[in-house]
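Residues per chain are reported as follows:
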Amino acid sequence: PIANLPIGTKQTDLSTLAVRKPRAAANSAEEHTYIFVDVPNLVNEDYVALSRINWAALMGMLAHRNGKHRTVKGAFAYLFLPSYVIDPKNWPVYRDLEAAGFVVEYRKEKRDIDVWLITDLLDPRRIQYSNGMGRITLFLVSGDRDYMRALLQLKDRFQRRGVSLDVHIVSWKN
């Protein structure tokens with residue numbers, strides 16, 4: 001559980017967006033897992049707390065949730081850089097995220113990460129699927145529920161194409 005992450009936090013909310021599943025497709029054994037992380041929301045822009053998150057442990061926990069191993073097809077972390085970071089690749093948080101397998105999407109100035117993440121959630125190049133392909137498991141790691149409308153649109157899009165979408169919203173309290 002998230003409580004085991006070495007950041008001095010405990011799990012406070014692990015909810016699942018109820019998604020009605022379409023009939024299983026012929027090749028329903030195929031499952032794709034994606035992880036999207038709204039980094040600033042997790043720690044309320046507290047960079048000290050951010051530096052203590054074990055991103056590899058988080059990735060492992062999500063990939064093995066409920067005792068089932070999932071192959072993560074894409075993991076994306078969205079953040080803006082603190083003003084003191086000149087080269088992001090030299091920032092320990094950036095390096096830790098990359099080492100854990102995340103694609104780090106960053107901006108140098110504070111902007112609306114929510115809009116950026118939502119745009120990518122709805123972009124078919126990020127979550128790759130084909131009609132009737134089977135199941136997609138999506139983990140959204142965030143400190144709030146700003147993404148519900150986008151997730152409902154995504155769910156509708158996949159249902160129309162015969163793809164089962166399981167969405168898990170993961171958050172914790174500092």
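Note that the coordinates shown come from a computational prediction; the quantities given were computed from them, not determined experimentally.

Thresholds, definitions, all that
Residues numbered from 1 in each chain as written. Predicted model: local features only at pLDDT ≥ 70, side-chain atom pairs only at ≥ 80, totals over all residues. Heavy atoms only, no water. Core = buried A, V, L, I, M, F, W, Y, C linked by side-chain atoms within 4.5 Å. Buried < 20%, exposed > 50% of the residue type's maximum accessible area, 1.4 Å probe, protein only. Helix = DSSP H or I, 4+ residues; strand = E, 2+ residues; numbered from the N terminus. Contact = heavy atoms within 4.5 Å. Arc of directions from axis to C-beta. Pairing = 2+ DSSP bridges.

Caption draft 1: Inspection of the nonpolar core at higher detail. Judged by nonpolar contacts, the single largest core of 28 residues is most densely connected at Ile35, Val37, Trp55, Phe102 and Val141. Elements with a minimum of two residues in this core: strand E2 (31–38), helix H1 (39–43), helix H2 (47–51), helix H3 (55–63), strand E3 (72–80), helix H4 (92–99), strand E5 (135–141) and strand E6 (164–173). The element contributing the most residues to this core is H3, with four residues. When sequence neighbours within four positions are dropped, the list of residues in contact with Ile35 reads Met59, Leu62, Val72, Gly74, Ala75, Phe76, Phe102, Phe139 and Val141. By size, the runner-up hydrophobic cluster in this structure holds 23 residues, among which are Tyr34, Phe76, Leu117 and Ile127.

Caption draft 2: Main features of H4. Within the sequence span of H4, burial applies to Val93, Tyr94 and Leu97. Buried residues along H4 cover an arc of 100° about the axis, so they all sit on one side. Against H2, H3, E3 and strand E4 (103–107) lie the buried residues of H4. Following H4 by one or two positions, Gly101 adopts a phi angle in the positive range, close to 105°.

Caption draft 3: Looking closely at the pairing of E5. For E5, a buried count of six out of seven residues is recorded, marking the element as mostly surrounded by other parts of the structure. One ladder, built from seven bridges, connects E2 with E5; its direction is parallel. Paired with Tyr34 across the strands is Leu138, a residue of E5.

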